[in-house]
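Tertiary structure, described
The lines below spell out each chain.
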Amino acid sequence: MQRQPVVIANWKMNGNRQLAKQMAEALREEAGLLSQVQVVVCPPAVLLPAWQQHVFYDAVHLGAQDVNEFEHGAHTGEHSLALLGEAGAEYILIGHSERRQHYGDTDARISAKVNAVLNYQAQQLKVVLCVGETEAERETHQTTTVVEAQLSAALEQVTAAQMTHVVIAYEPVWAIGTGKTASPAQAQEVHRFIRSWLQQKYAAADTVPLLYGGSVKADNAETLFAEQDIDGGLIGGASLEPDAFVAICRAAVARS
Ligand SMILES: O=C(CO)COP(=O)(O)O
C-alpha cells in the first residue's frame, strides 16, 4: 500500500511571526508539492494564530508541540486540547525526547496525553508519538527494547480503530540537534521493527505513517526517505529555514 508522505516541522522554542509569514510564503509557491505531501507545521502554541492567518487551501496543516492531559482547570502555563484545536492545531506531538528528558513526561503521562487526544470528542485530532533511544542505550544494544517499551506504554489503551489517527516518529536522541544523523540503514532497521510491532499488535503495518527525525537536512533527506519504511520526517533545525524545509518536502515526494 502507498502511504502519502508526511513532513512535520517542529519549531521547538524558536521562530516568530515574521518567520511564520516567510515560511508560509515559501510554501505558497509550492501548491503542486503540497498536494503530494502532508505538510504539518508545529510552531510554539502562541504562534498558531499567526499561522492560521497564512494557511491557505487547507494545504498546510498545523500542529502543537505538546498538550496537557486534562481538559481544563488549574494547570498554570499549560494548554488544553480545546485551546489548541481552536487555534488550528490538527496534530499534537507527544513524547518528544526533550519533554521526556527535561519536562516530566513519563510513560504514564505520555499515555494519558495520547488517550486524551484520541478520545477528544469535539474535534478529530491526530497524535504524533515520538520514540527513540539514547546513545548509551544504542551502544548497549537496547534500541529495540527501549522503542518497544515506549510504544507499548504510550499505546497501551489505544485501539486498532484509533490507530488511523496516529503517526509515529522515530527520533534517536543522539541524532537530535547534533548533526549526527542516523544512517539510512540504521533508521530503516528501527522503522522496520516498529512496523512489525504495529502489525503484531494492530494489523496496522501498512497504514500508520512512520517518520524519521534527527538532523534531517536538505542534503540527507532524500537518502533517508528512500528507505522502504520511512514515510517522511520530523524536522527540527532545518524547519526554521524556508528553503531547506521546502527541499526536504520535495525529497519526501521524490520517494513516492
Ligand atoms: O527533534 C527533532 C524534531 O522533533 C529533530 O531536531 P533536529 O532536526 O534539529 O535534529
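Residues numbered from 1 in each chain as written. Predicted model: local features only at pLDDT ≥ 70, side-chain atom pairs only at ≥ 80, totals over all residues.

Attention now goes to helix H9 (residues 184–202). Helix length check: H9, at 19 residues, gives a terminal C-alpha distance of 26 Å against a target of 27 Å (1.5 Å per residue), a fit within 8%. Along H9, the residues that are buried comprise Ala 187, Val 190, His 191, Ile 194 and Leu 198. The buried side chains of H9 occupy one side of the element, clustering within an arc of 100 degrees when seen end-on. Of the exposed residues in H9, the ones pointing more than 90 degrees away from its buried face are Ala 185, Ser 196 and Gln 200. Residues of H9 that are buried make contact with helix H8 (143–154), strand E6 (166–170), strand E7 (210–213) and helix H10 (221–225). Directly after H9, the chain includes Ala 203, whose backbone phi takes a positive value near 55 degrees. (Helix = DSSP H or I, 4+ residues; strand = E, 2+ residues; numbered from the N terminus. Expected span 1.5 Å × (residues − 1). Buried ≥ 20, exposed ≤ 12 C-beta atoms within 10 Å, placed from the backbone. Arc of directions from axis to C-beta. Contact = placed C-beta atoms within 7 Å.)

Turning to unusual backbone geometry, a few remarks are in order. Even without a glycine there, the phi angle at Ala 203 is positive, about 55 degrees. With respect to the helices, strands and loops of the structure, Ala 203 is situated in the loop between H9 and E7. A residue is classified by how many C-beta atoms lie within 10 Å of it, and Ala 203, with 11 of them, is exposed. Even without a glycine there, the phi angle at Ser 215 is positive, about 55 degrees. Judged by the 22 C-beta atoms lying within 10 Å of it, Ser 215 is buried.

Neighbouring the ligand are 14 residues, the closest being Asn 10, Ile 176, Gly 213, Gly 236 and Gly 237. Of the residues that constitute the shell around the ligand, the class distribution is five nonpolar, eight polar and one charged. (Near = placed C-beta within 6 Å. Nonpolar A, V, L, I, M, F, W, Y, C, P; charged D, E, K, R; others polar.)

Under the feature "active site" (unreviewed entry), the UniProt entry names His 96 and Glu 171. In three dimensions, the annotated residues from a span of 76 residues occupy one location, with a maximal C-alpha spread of 8.3 Å. Among the secondary structure elements, His 96 is positioned in the loop between strand E4 (89–94) and helix H5 (97–102). A count of 27 C-beta atoms within 10 Å places His 96 in the buried class. In this view, His 96 contacts Gln 65 and Cys 130; residues no more than four positions away in its chain are not counted. Residue contacts for Glu 171: discarding those within four places in its chain leaves Ser 97, Cys 130, Gly 132, Ile 176, Gly 213, Gly 214 and Leu 234. (UniProt positions renumbered as here; feature names shortened; annotations may be inferred.)

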